[in-house]
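Coordinate inspection notes
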Amino acid sequence: MENCIFCKIVKEEIPATKLYEDSEALAFLDINPINIGHTLVIPKKHFKNILETPEDIMAHMMKIVKKVSHGLEALKPDGINIKMNNKEAAGQDVFHSHIHIMPRYKGDGFEPWHSKTKYKEGQKEEIAKKIISAL
Ligand code: 5GP
Ligand code: ZN
């Protein structure tokens, strides 16, 4: 897609530090990392987000996430976060589907995002029904 920074990386119109590449996908270092080694895995074809990316391509991206996560062990992180931002409200800035692999270190200052809200009585079951019916 024209004017997409990640499509330009795929076409080698702009440089990137590649870690892994095959016919479907590419892994490269994030230019503005949360920690050294922060990597992005993208499909070579342009899809906006998880909702648009075909299931087989998502599955393939996750295989690469797993592979690169093992590679990142060479940096001896204390942990690794896998994150995908989908749509602007979720913090997506580049609208070409991508998965973040983020090496984490004890005390590196990133906040967990759990426990920001609570379910009311009976709400879990109601919400689960709604989601399951849309699967
Ligand atoms: P998002 O917020 O969309 O999930 O993440 C986009 C990521 O792409 C950011 O972490 C940002 O640092 C990274 N990024 C943006 N432009 C470039 C670029 O030109 N090269 C590389 N390697 N990473 C980029
Ligand atoms: Zn693109």
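Residues numbered from 1 in each chain as written. Chains lettered and ligands numbered in written order. Predicted model: local features only at pLDDT ≥ 70, side-chain atom pairs only at ≥ 80, totals over all residues. Heavy atoms only, no water.

**A word on the coordination of the zinc ion (ligand 2)**
In the first shell of the zinc ion (ligand 2), the protein supplies Cys 4 (SG), Cys 7 (SG), His 46 (ND1) and His 96 (ND1), at 2.1 to 2.2 Å from the metal. Taken together, the 4 donor atoms coordinating the zinc ion (ligand 2) and their angles of 105 to 117° define a geometry best described as tetrahedral. Counting gaps between the donor residues of the zinc ion (ligand 2) yields the pattern C-x2-C-x38-H-x49-H. Note on Cys 4: relative accessible area 7%, which makes it buried. (Donors = N, O, S within 2.8 Å, 3.2 Å for Na, K, Ca; no water. Tetrahedral: all angles 85-135°; square planar, octahedral: opposite > 155°, others 65-115°. Buried < 20%, exposed > 50% of the residue type's maximum accessible area, 1.4 Å probe, protein only.)

**Section: the site of ligand 1**
Within the structure, ligand 1 sits among 16 residues, and Asp 30, Asn 85, Asp 93, His 98 and His 100 are positioned closest to it. In the environment of ligand 1, a nitrogen atom lies 2.9 Å from a nitrogen or oxygen atom belonging to the backbone of Leu 29. A distance of 2.6 Å is found between an oxygen atom of ligand 1 and a backbone nitrogen or oxygen belonging to Asp 93. Alone, ligand 1 offers 530 Å² of accessible surface; in the complex the protein occludes 84% of this. Of all the secondary-structure elements, those providing two or more residues to the shell around ligand 1 are helix 1 (5–10) and strand 2 (25–29). For the shell around ligand 1, the element with the highest residue contribution is helix 1, accounting for 3 residues. When grouped by side-chain class, the residues that make up the shell around ligand 1 number 8 nonpolar, 6 polar and 2 charged. (Near = heavy atom within 4 Å. Polar contact = N/O pair within 3.5 Å; in protein donor to acceptor, adjacent residues only side chain to side chain. Areas by Shrake-Rupley, 256 points an atom, 1.4 Å probe, with all protein chains shown as cover. Helix = DSSP H or I, 4+ residues; strand = E, 2+ residues; numbered from the N terminus. Nonpolar A, V, L, I, M, F, W, Y, C, P; charged D, E, K, R; others polar.)

**Structural notes on the sheet that holds strand 5 (residues 99–104)**
Ordered in space as 1-2-3-5-4, the 5 strands form an open sheet in which the pairing is antiparallel. A single partner strand is all that each edge strand has here, and the edge strands are strand 1 (18–21) and strand 4 (79–83). Ignoring which end each strand starts from, the neighbouring axes of this sheet average 15° apart. Inspection of the sheet shows strand 3 (residues 39–43) paired to strand 5 by 3 bridges, in the antiparallel sense. For Val 41, the partnering residue across the bridge sits in strand 5 and is Ile 99. Of the strands in this sheet, strand 1, strand 2, strand 3, strand 4 and strand 5 touch helix 2 (residues 55–72), which is tilted by about 20° from strand 5. (Pairing = 2+ DSSP bridges. Axes fitted to C-alpha atoms, helices over the stretch in contact; angles between N-to-C directions. Contact = heavy atoms within 4.5 Å.)

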